[in-house]
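# Working through the structure, step by step
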Amino acid sequence: MLTLKFGGTSMANADRILSSAEIIINRAKEDRLSVVVSAVAGISNTLQEAIDLCISGTPSITFVQNIRKIHNDICVDIKSKLQDFNSTKVMEQIEHSLSELDKLLSGCVSFGECPKTVYCRIMGMGELMSSPIMEGVLFAKKQSVILLDSRNFINTNTSQREGEADYARCADACRPFRDGENKSQTKILLFPGFICSWIKGTGVAPVMGLLGRNGSDFSAAILGASLGAKRVEFWTDVDGVFTADPRVVKDAILVDDMSYEEAMELSFFGSKVLHPKTLAPLQSKGIEAWSLNSHNPSSRGTRIGKGPYESRSKTSICGISCLKHISMVSVSGTGMRGRTGMASRIFSAVTSAESSVLLITQSSSEYTVSFCVKDSESDKVRDALTNEFVLEIRENLINPIEIHKDCAAVSVVGDGMIQNRGVASKFINALSSQDINILAIAQGSSERCISCVIKNEYGDTAVRAVHQFFFKTAQTIEVFAFGAGTIGGTMIDQIKDQHEKLLKENVDVKVMCITTIDGMNLSEDGLNLDDWRNDMKNPQYKFAASNVDDIINFVKEKKPLNPVFVDCTASYDLPERYIDILNAGMSIATPNKRANSMSMDFYRSLRHTANKMHRRFLYETNVGAGLPIIDTLQNLFKSGDKLTSFNGIMSGSLSYIFGKLDEGIPFSKAVLEAKQLRYTEPDPRDDLNGMDVARKALIIARESGMEIEVADITMHKVFPDSFDSTGTVDEFLKKLPEVDSYFEKKIRELKEVGKVLRMGATIEDGKVSVGMIEVDSNNPLYGVRGGENAFVFYTERYQPIPLTVKGYGAGAGVTAAGVFGDILRTVSFNMER
């Protein structure tokens, strides 16, 4: 005997029912079957809604007609695909249930209430209507099948709406249908799930009851155990049990095998695994449970059994779960210490409040006992505890009962924790990597589960972080790109081109958002970059909201693990929002120099906020574009070195222009050539005025420890005082030959003494200056030309021979690569094991 259970999604429509029937037929070739079916997807929710609204006076007819239409449409659709299906006969059976449903709901309308027995009869209608459809399909496919009423085979006591099985009665009821007992040996026994007979007491006639949460699963487990099944298969819409909820962790891993105990722990703490009450009868009989996918029958699925399993020999844990919307209750005070019976009184009070304790932890000093209950039960629990300890609270022996609402319990579960060390430290390190505060920690004596109580809002983030640490799945970087022009667009292309290679190295860079002056394209799952430029032209993105607050709100709501805000704009205002961005939990990578050249107060605030939020502020491209200047300096200074002086050529356009003067090219012609080659800004005066160089020099000075403002930099003009550089760009370029003789004379005089003229910055004796520099052949800047940059650092360690960094630092490709490099640096910061 095999027992198969099909959930609501496997019974959702005609196609799903027909597919489930094929699975049943294939399994029937192997052995006799007992099959349990749930209600058609959505019907149970509709029935609950009907009860709620009918009590408030809404007529029942609308609900009945809607439910009739859903089932009739399914029957009509099946008939069109399976000629021998007797849809008329099936709908006649369903009509009996619909007629009863209409009467019961009308009673709720008339009396404004729904007694428990009526509630159970209404809520069980879904399964009573779905099972005749499956019976009709199997008959049409010439199968040996009998539809049995579960109420004659499953008996419960305790709660009518969520009963506990009376296994002895169930076994007696099922005995005639066990293998070898049933003379007819009907091949397929079909049962509606969820419903049962509830026995209130000795001598009292049974009435209809329900099996509560996951009731159809429980039905299958009870019948499987009572009929002596060798395994029970639970057919859903997922391939099995995963290491975490796939909706939260996109790359969650399918678990091949797990023990009964592991499955129970995971389920108890919120994982979508079989409920402990479902697994209990199977464990007691040694019956394997299999979680399988009716949408993908060829998938192996997950086996739940006694274990241990070879497939699990190398893993400490099998899964991570998160139980949300709980409250942590704390009972504390000096009166707790050394007094017997305190724990008993606490939990008796909780029981009187009809609440269940989910997790318990106690301080070693016995000063505090903390435990968790559902959020919805916390107020009742507090009142019950306050009443229980009213005298102790009045005498200040017990503190007022504390309630921390909106919590979540994140748990790691695995039999391998017993043998393997370091699980707890890795778990806590994972939470720490996301700056998640732990409110309480609990571990059972079995050493199979460790739970941490955290704020509810961080539940999903915690699961994703812990999953990365334990299962070494791809470390994510979520990029929010502001600006997709020359540099930003090239960077996005580089991310696209390197994506597969980085995935092989366990790094997954996702571009979540691209924002331009026209609009924003934002995706929770990451954008497809194959044709992102054309995608940005789509009218749905054009002129969409595109301000920083949209990004901040998105990050606060979705809580990505490693969000990086990338500012590739030349915006003057955007850097003023950097502190808000860091406070939202995002790192920043940017070639924009504005933030680092604002006031010293702002400069310090940026770094303080980044450290406080455990995020990175990365700006390697601020000074040398693609050259490694900032990182080199920071490493020098962290190791104790100090800057004594600096000089450098930090502009590709100025390097090109002044290098041409060495060749005898007139200054005006050199400027025009640089403009035509797009080395300069559209207005070359923006390069020639030296402000871009000044900002870079300011950043170097500040990195070296100098507290300096832009206004403190000495600016030496390029042009003689007699030259008028005002006017339009064209007017300026027409006047520019007027200075050719001025530069020609300078170059000639310098050449006579073996020197050349360069344009750059100098830091010496605590002063920063920008302007033309005269250098001889011994100076590293002597041969710098053609767009090349050079940075010459004299430090306490690097002298008399300086540390020189030289190369082509400008250009979209190298600058974009520098920003991309900064983005990748966030991985090692956030995911260090």
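Residues numbered from 1 in each chain as written. Predicted model: local features only at pLDDT ≥ 70, side-chain atom pairs only at ≥ 80, totals over all residues. Heavy atoms only, no water.

A few words on the overall build of the protein chain. Counting its regular elements, the protein chain contains 29 helices and 30 strands. Taking 28 Å as the expected radius of gyration for a compact globule of 833 residues, we find that the protein chain reaches 37 Å, considerably beyond that expectation. Taking the principal axes of its C-alpha atoms as reference, the protein chain extends roughly 120 × 75 × 55 Å. Here the protein chain, with 833 residues, has 54% of them falling under the buried criterion. Contacts spanning at least 24 positions in sequence make up 73% of the contacts within the protein chain whose residues lie at least 6 apart. Roughly 36700 Å² of accessible area belongs to the protein chain as shown, and the carbon and sulfur atoms make up 48% of that amount. Counting 94 positive and 104 negative side-chain charges, the protein chain places the averaged centre of each group 4 Å from the other. (Helix = DSSP H or I, 4+ residues; strand = E, 2+ residues; numbered from the N terminus. Rg over C-alpha atoms; globule rule 2.2 N^0.38 Å. Buried < 20%, exposed > 50% of the residue type's maximum accessible area, 1.4 Å probe, protein only. Contact = heavy atoms within 4.5 Å. Areas by Shrake-Rupley, 256 points an atom, 1.4 Å probe, with all protein chains shown as cover. Lys, Arg positive; Asp, Glu negative; His and termini not counted. Charge placed at Lys NZ, Arg CZ, Asp CG, Glu CD.)

Counting residues in each nonpolar core, the largest one holds 76 residues, and the members touching the most others are Phe-658, Phe-667 and Phe-719. The element that contributes the greatest number of residues to this core is helix α26 (residues 691-703), accounting for seven residues. When sequence neighbours within four positions are dropped, the list of residues in contact with Phe-658 reads Phe-667, Val-718, Phe-743, Leu-757, Arg-758, Met-759 and Met-772. Counting residues in hydrophobic clusters, the runner-up holds 62 residues, among them Val-37, Ala-39, Cys-54 and Ile-74. (Core = buried A, V, L, I, M, F, W, Y, C linked by side-chain atoms within 4.5 Å.)

Pairing within the open sheet is mixed, and its six strands lie in the order β21-β20-β19-β22-β23-β24. Where the open sheet ends on each side, the last strands, each with one partner, are β21 (520-522) and β24 (617-618). Relative to strand β20 (residues 507-515), strand β19 (residues 475-482) runs parallel, the two being bridged by eight bridges. Each bridged residue has a counterpart across the sheet, and for Gln-475 the counterpart in β20 is Val-507. (Pairing = 2+ DSSP bridges.)

On to the packing of aromatic side chains. Aromatic ring pairs are defined here through the distance separating the ring centres and the angle between the ring planes. Taken as a whole and judged by the stated rule, the model has 19 aromatic pairs. Over the aromatic face of Tyr-458 sits the side chain of Lys-559, whose NZ or CZ is 5.6 Å from the ring centroid. Directly above the ring of Tyr-603 sits Arg-702, whose terminal nitrogen or CZ lies 5.2 Å from the centroid. (Phe/Tyr/Trp six-rings, centres within 6.5 Å; stacked < 30°, edge-to-face > 60°. Lys NZ or Arg CZ within 6 Å of the ring centre and 35° of its normal.)

In space, the four strands of this open sheet follow the order β5-β4-β7-β8, with mixed pairing throughout. Two strands close off the open sheet at either side, each with one partner strand: β5 (164-165) and β8 (207-210). Of the pairings in the sheet, the one linking strand β4 (residues 155-157) to β5 comprises two bridges and is antiparallel in character. Looking at the pairing, Thr-156 lines up with Ala-165 of β5.

As for its position among the elements, Phe-469 is in helix α15 (residues 459-471). In this structure, the C-alpha to C-alpha distance between Phe-469 and Cys-170, residues 299 residues apart in sequence, is 46 Å.

Our focus in this paragraph is unusual backbone geometry. Of note, the bond from Gln-799 into Pro-800 is cis; its omega dihedral lies within 30 degrees of zero at 10°. Relative to the helices and strands, Pro-800 resides in the loop between β29 (789-795) and β30 (803-807). The phi dihedral of Phe-194 is positive, around 80°, even though this residue is not glycine. Relative to the helices and strands, Phe-194 is located in the loop between β6 (188-192) and β7 (195-198). We note that Asn-396 has phi near 65°; this positive angle belongs to a residue other than glycine. Summarising the element assignment, Asn-396 is placed in the loop between α13 (390-394) and β16 (402-413).

Moving on: the pairing of strand β28 (residues 767-776). In this structure, strand β26 (residues 714-715) lies alongside β28, joined through two bridges in parallel fashion. By the bridge assignment for β28, Thr-714 is matched with Ser-769. The pairing of strand β27 (residues 755-764) with β28 spans ten bridges and is classified as antiparallel. Within β28, the residue paired with Arg-758 across the bridge is Ile-773. The antiparallel pairing of β27 with β28 creates a hairpin that spans two residues between the two strands, and Asp-765 there sits at a positive phi of about 55°.

Scanning all chains against the criterion turns up 50 salt bridges. The salt bridge partner of Glu-288 is Arg-303, with a shortest N-O separation of 3.7 Å. Residue Glu-288 is located in strand β11 (residues 288-293), and its partner Arg-303 is located in strand β12 (residues 302-305); the two are separated by 15 residues in the primary sequence. Given a relative accessible area of 25%, Glu-288 falls into the partly exposed group. Asp-692 is paired through a salt bridge with Lys-696; the nearest N and O atoms lie 3.4 Å apart. Here Asp-692 and its partner Lys-696 are both found in helix α26, four residues apart, which amounts to about one turn of the helix. Residue classification places Asp-692 among the partly exposed positions, given a relative accessible area of 25%. Salt bridges sharing common partners tie together Arg-27, Glu-30, Arg-231 and Glu-233. (Salt bridge = Lys/Arg side-chain N within 4 Å of Asp/Glu carboxyl O.)

Below, the discussion takes up the packing of helix α23 (residues 652-662) against helix α24 (residues 667-676). Orientation of α23 relative to α24, taken along the N-to-C sense of each, is 140°, at an axis distance of 9 Å. By the angle class used here, α23 and α24 are oblique. As α23 runs across α24, the sense of the crossing is right-handed. Here α23 contributes Tyr-656, Ile-657, Phe-658, Lys-660 and Leu-661 to the contact with α24, which in turn contributes Phe-667, Ala-670, Val-671, Glu-673 and Ala-674. Looking at the contact of α23 with α24 residue by residue, the class counts come to eight nonpolar, no polar and two charged. (Axes fitted to C-alpha atoms, helices over the stretch in contact; angles between N-to-C directions. Parallel < 35°, antiparallel > 145°, perpendicular 65-115°, else oblique. Left-handed = near helix turned anticlockwise from the far one by under 90°. Nonpolar A, V, L, I, M, F, W, Y, C, P; charged D, E, K, R; others polar.)

One pass over the structure, following the stated rule, counts zero disulfides. Not engaged in a disulfide, the cysteine Cys-54 finds its nearest cysteine sulfur in Cys-108; these two sulfurs lie 6.4 Å apart. Overall, Cys-54 belongs to the buried group, its relative accessible area being 0%. With no disulfide of its own, Cys-318 has Cys-449 as its nearest cysteine by sulfur position, at a separation of 9.8 Å. Taking relative accessible area as the criterion, Cys-318 reaches 2% and is therefore assigned buried. (Disulfide = S-S within 2.5 Å.)

Once that is clear, we can look at the confidence of the model for the protein chain. Within the protein chain, residue pLDDT values average 92, and 97% of them lie at 70 or more. The low-confidence segment residues 829-833 (pLDDT under 50) makes 16 contacts with residues lying over four places distant or belonging to another chain. (pLDDT = per-residue confidence, 0-100.)

The next point concerns the environment of Leu-323. Position of Leu-323 relative to the elements: it lies in strand β13 (residues 319-332). Counting along the chain gives 91 residues from Leu-323 to Gly-414, while the straight-line C-alpha distance between them is 17 Å.

The next thing to look at is the environment of Ile-199. Along the chain, Ile-199 falls in the loop between β7 and β8. C-alpha of Ile-199 to C-alpha of Arg-247: the two residues are 48 residues apart in sequence and 40 Å apart in space. Setting aside chain neighbours within four positions, we find Ile-199 in contact with Asn-155, Thr-156, Asn-157, Arg-169, Val-204 and Pro-206.

A word on the side chain of Thr-156. Position of Thr-156 among the secondary structure elements: in strand β4. Thr-156 has contacts with Gly-163, Glu-164, Ala-165, Asp-166, Cys-196, Ser-197, Trp-198, Ile-199 and Leu-211, leaving out every residue within four places of it along the chain.

In this model α15 runs 18 Å from its N-terminal to its C-terminal C-alpha over 13 residues, within 8% of the 18 Å that 1.5 Å per residue would give. Phi turns positive one or two residues past the end of α15, at Lys-472, with a value near 50°. (Expected span 1.5 Å × (residues − 1).)

Now for helix α1 (residues 14-28). Look at α1: 21 Å from first C-alpha to last across 15 residues, which is about the 21 Å you get at 1.5 Å a residue. Within α1, the full set of buried residues consists of Ala-14, Arg-16, Ile-17, Leu-18, Ser-20, Ala-21, Ile-23, Ile-24, Ile-25 and Ala-28. In this fold, the buried residues of α1 make contact with β1 (2-6), β2 (33-37), α3 (61-81), α6 (125-140), β6 and β9 (231-236). If you check the start of α1, you find a side-chain oxygen 3.1 Å away from the backbone N of Asp-15, and it comes from Asn-13. (Polar contact = N/O pair within 3.5 Å; in protein donor to acceptor, adjacent residues only side chain to side chain.)

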